[in-house]
Amino acid sequence: RPSPIVAPSILAADFAHLADEVRLVEQDADWLHIDVMDNHFVPNLTIGLPVVQSLRPITQLPFDVHLMIDEPRRWAPAYADAGAYNVTFHAEACDNPVALAKDLRSAGAKAGLAIDRDTPIEPYLELLPSFDTLLVMTIKAGFGGQRFVPEMLDKVRQVRAAQQSGHLELRIEVDGGIAADTIEQAAEAGADAFVAGTAVYGADDPAEAIRRLRALAAG
Ligand code: DX5
Ligand code: ZN
């Protein structure tokens, strides 16, 4: 399997010192996960476009932007223009995911589709060839620090199984409650990109935490 991607989530970082927090993980992270919330799609408000624009020049890390917002079609391309590597929006918030995936790709970004905890994967399987990333939420979207929901890994298994019979090139990313005690089961299910907020920024040594997570995911 492809080598695992570890994406620390700055939602768990200190927002008063974001540049320093990015530097803490820069040498070890594969992607930097940026959670954008609008207090409509989820009952929480975080950061938006100006912060992504300000962070872009301070690091080489690819930005993995996770949009937990209504009307993603209105905003997602602006994140691609701001230099995001991957822009993921929620299936529940979008009535034409394939069209938005195309827009993102023409804006030069990878396109990601996110599936929240209570959303089944089946209706979206046929859309996956239009995407580069599938983000399977392993919690209910909205807040960091929640407990991993292992039942969500059935979605990961289902997509991996579907993929083995086709030619789907897709990263399967898991987000929520990923830590040393949960990442191995997620990797075994077929995930190959791992978001970790608390497990990285809550650790005494965030860089070491990333290396440990990657080693566990690689098996
Ligand atoms: C929550 C966000 C996650 C969050 C994960 O909706 O999508 O990326 O930062 O945090 P942890 O790793 O603490 O569960
Ligand atoms: Zn996220």
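Positions within a chain are numbered from 1, following the residues in the order the chain's sequence is written. Each chain is given a letter, starting from A, and each ligand a number, starting from 1, according to the order in which they appear as written. Given that the model is predicted, a residue must reach a pLDDT of at least 70 before its local features are reported, and side-chain atom pairs must reach 80 or more before they are shown or counted; all residues, however, enter totals for whole chains, interfaces and linings.

Helix and strand labels come from DSSP, where a helix needs a run of H or I of at least four residues and a strand needs a run of E of at least two; each type is numbered from the N terminus. Across its full length, the protein chain holds eight helices and eight strands. Expected size for 219 residues packed as a compact globule is a radius of gyration near 17 Å; at 16 Å, the protein chain falls within 12% of this value. Put plainly, a residue is buried at 20 or more neighbouring C-beta atoms within 10 Å of its own, exposed at 12 or fewer, and partly exposed in between, counting only other residues' C-beta atoms, which are placed from the backbone. Of all 219 residues assigned to the protein chain, the portion counted as buried reaches 47%. Nonlocal contacts in the protein chain, meaning residues at least 24 apart in sequence, comprise 63% of its contacts between residues at least 6 apart. Put simply, the radius of gyration uses C-alpha atoms, and a globule should come to 2.2 Å times the residue count raised to 0.38. Residue pairs qualify as contacts under a 7 Å threshold applied to their C-beta atoms, which are placed from the backbone.

Bringing helix α3 (residues 72-81) into the picture now. At 3.6 residues per turn, the α-helix brings residues three or four places apart onto the same side. Those residues of α3 that fall on the buried side of the exposure criterion are P72, A76, Y79 and A80. Projected down its long axis, α3 shows its buried positions confined to an angular sector of 100 degrees, all on one face. In the core, the buried residues of α3 are packed alongside α2 (49-55), β3 (63-68), β4 (86-90) and α4 (97-106). Once α3 finishes, G83 follows within two positions and takes phi at roughly 100 degrees, a positive value. The directions considered for the arc are those from the helix axis to the C-beta atoms.

Moving on, we come to the UniProt feature "binding site: a divalent metal cation" (unreviewed entry) in the protein chain. UniProt positions are given in the numbering used here, feature names are shortened, and annotations may be inferred rather than shown by experiment. As annotated by UniProt and renumbered to match this structure, "binding site: a divalent metal cation" (unreviewed entry) occupies H33, D35, H66 and D175. A maximum C-alpha distance of 10.6 Å among these annotated residues, which run over 143 residues, shows that they cluster at one spot. Of note, H33 is situated in strand β2 (residues 32-37). Residue classification places H33 among the buried residues on the basis of 29 C-beta atoms within 10 Å. Not counting chain neighbours up to four residues away, the residues in contact with H33 comprise A7, P8, S9, D64, H66 and V195.

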